[in-house]
Amino acid sequence: MKKLANKVALITGAGAGMGKAIVQLFAAEGSKIIVTDINAERLDELSVEVKKNGGEITTLVADMALETDIENMIQLAVQTYGTLDILVNNAGIMDHFQPVGELENSMWEKVMKVNLEGPFKAMRSAVKIFLKNGTGNIINICSIGGIKGGVAGAAYTTSKHALIGLTKNTGYMYSKSGIRCNAIAPGGVNTSIGDTIDMSKITPLVNDRIMSGMALNPRMGEASEIANAALFLASDDASFVNAQVLVVDGGWSAY
């Protein structure tokens, strides 16, 4: 039997990279998928691919910085499939590696909106459904930037540390209600998120303190490797795993 048969999963930021790989794998394992992204063209391409392979998918253009978009995606899951079983908060943005002394208010606020407030609001809405069902599963895609201090800028690092804290609190608080909440902390992964980095923001301080550590990365991961970790957490294979952070980084953070 497929590991996610008859499950309904909502996956954000799924137009490319890790989110796309998670969608492909979850669909192959029998899940009905709600997919959101800010890029409509990518969503259309993914929808065609999943349906061609026999999967069930519904897409929605959504910005995780907008509460109305977040509410719409939760409602779409219920309206389309009658419920929601799994929430994967994958959408996220980088911060150009800026340290606190170089960070503008606008960048701080943008990163917090997408990386922290968006997942929080999606989780809050999803938990209400899960409590009615007596079961539910949340997977937050964080980063080793959420457990270390020197692999990203101040805003990104803070947002991912906070998301890990939110993950642990949520997993613990609802552990007697049939709800699990875990995080995945990937290391360097071959995705398009690097395209959002403005290299002109890379100052000598960033080069000295952050970029030098990049050389310690044993290798880049692939999106499919993160998807495999997400499938584990989403399935009954991880039934006793809750409020934890699964680091998937090839050993980089062990240094």
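Residues numbered from 1 in each chain as written. Predicted model: local features only at pLDDT ≥ 70, side-chain atom pairs only at ≥ 80, totals over all residues. Heavy atoms only, no water.

Before going further, it helps to examine the environment of N182. Inspection of the secondary structure assignment puts N182 in strand 6 (residues 179-186). Separated by 15 residues in sequence, N182 and I197 place their C-alpha atoms 27 Å apart. Apart from residues lying up to four places away in sequence, N182 is in contact with I138, I139, N140, T167, L233, V241, N242, A243 and Q244. Among the polar contacts made by the side chain of N182, one reaches the main-chain amide nitrogen of A243 at a distance of 3.1 Å. (Helix = DSSP H or I, 4+ residues; strand = E, 2+ residues; numbered from the N terminus. Contact = heavy atoms within 4.5 Å. Polar contact = N/O pair within 3.5 Å; in protein donor to acceptor, adjacent residues only side chain to side chain.)

Right, let's talk about unusual backbone geometry for a bit. With glycine set apart, most residues show a phi of negative sign, and most peptide bonds adopt trans. Even without being glycine, H96 reaches a positive phi, approximately 65°. Along the chain, the position of H96 falls in the loop between strand 4 (86-89) and helix 4 (105-133). Here the phi dihedral of A243 falls at roughly 60°; this positive angle occurs in a residue that is not glycine. If you trace the backbone, A243 turns up in the loop between helix 7 (223-234) and strand 7 (245-248). Among the residues examined, A243 registers a relative accessible area of 15% and is labelled buried. (Buried < 20%, exposed > 50% of the residue type's maximum accessible area, 1.4 Å probe, protein only.)

When you line up the elements, N242 lands in the loop between helix 7 and strand 7. For N242, a relative accessible area of 17% gives the class buried. Within the structure, the side chain of N242 is placed 2.8 Å from the backbone oxygen of G171, a separation counted as a polar contact.

This brings us to the side chain of N115. Tracing the backbone through its elements, the reader meets N115 in helix 4. Within the structure, N115 has its side chain in polar contact with the side chain of S159 (distance 3.2 Å). If we ignore the near neighbours within four places in the chain, the residues touching N115 are A91, G92, I93, Y156, S159, K160 and L163.

So, about the nonpolar core. In this structure, V23, F26 and I33 are the most contacted members of the largest nonpolar core, which totals 32 residues. Within the residue set of this core, elements represented by two or more residues are strand 1 (8-11), helix 1 (17-28), strand 2 (32-37), helix 2 (40-52), strand 4, strand 5 (136-141) and helix 7. A total of eight residues in this core trace back to one element, the largest contributor, which is helix 7. Those residues within four positions of I33 in sequence are excluded, and the remaining contacts are A9, I11, V23, F26, A27, E56, I57, T58 and Y81. Counting 28 residues, the second-largest nonpolar core is a separate cluster that includes I70, M73, M107 and M123. (Core = buried A, V, L, I, M, F, W, Y, C linked by side-chain atoms within 4.5 Å.)

Two numbers describe how helix 3 (residues 67-81) lies on helix 4: the axes approach to 10 Å, and their chain directions differ by 30°. Classed by the angle they form, the pair helix 3 and helix 4 counts as roughly parallel. As for how helix 3 packs across helix 4, the hand of that crossing is right-handed. Contacts from E67, I70, E71, M73, I74 and V78 in helix 3 reach G118, K121, A122, R124, S125, A126 and I129 in helix 4. Here the contact of helix 3 with helix 4 is built from residues that sort into seven nonpolar, two polar and four charged. (Axes fitted to C-alpha atoms, helices over the stretch in contact; angles between N-to-C directions. Parallel < 35°, antiparallel > 145°, perpendicular 65-115°, else oblique. Left-handed = near helix turned anticlockwise from the far one by under 90°. Nonpolar A, V, L, I, M, F, W, Y, C, P; charged D, E, K, R; others polar.)

The next thing to look at is the sheet that holds strand 2. Reading across from one edge, 3-2-1-4-5-6-7 is the order of the seven strands in this open sheet, with parallel pairing throughout. Looking at strand neighbours, the two that pair on one side only are strand 3 (56-61) and strand 7, the edges of this open sheet. Strand-to-strand twist in this sheet, taken as the mean axis angle between neighbours without regard to direction, amounts to 15°. Examined bridge by bridge, strand 4 and strand 5 share four bridges and lie parallel to one another. (Pairing = 2+ DSSP bridges.)

So far we have only geometry, and geometry alone does not tell us how the molecule works.
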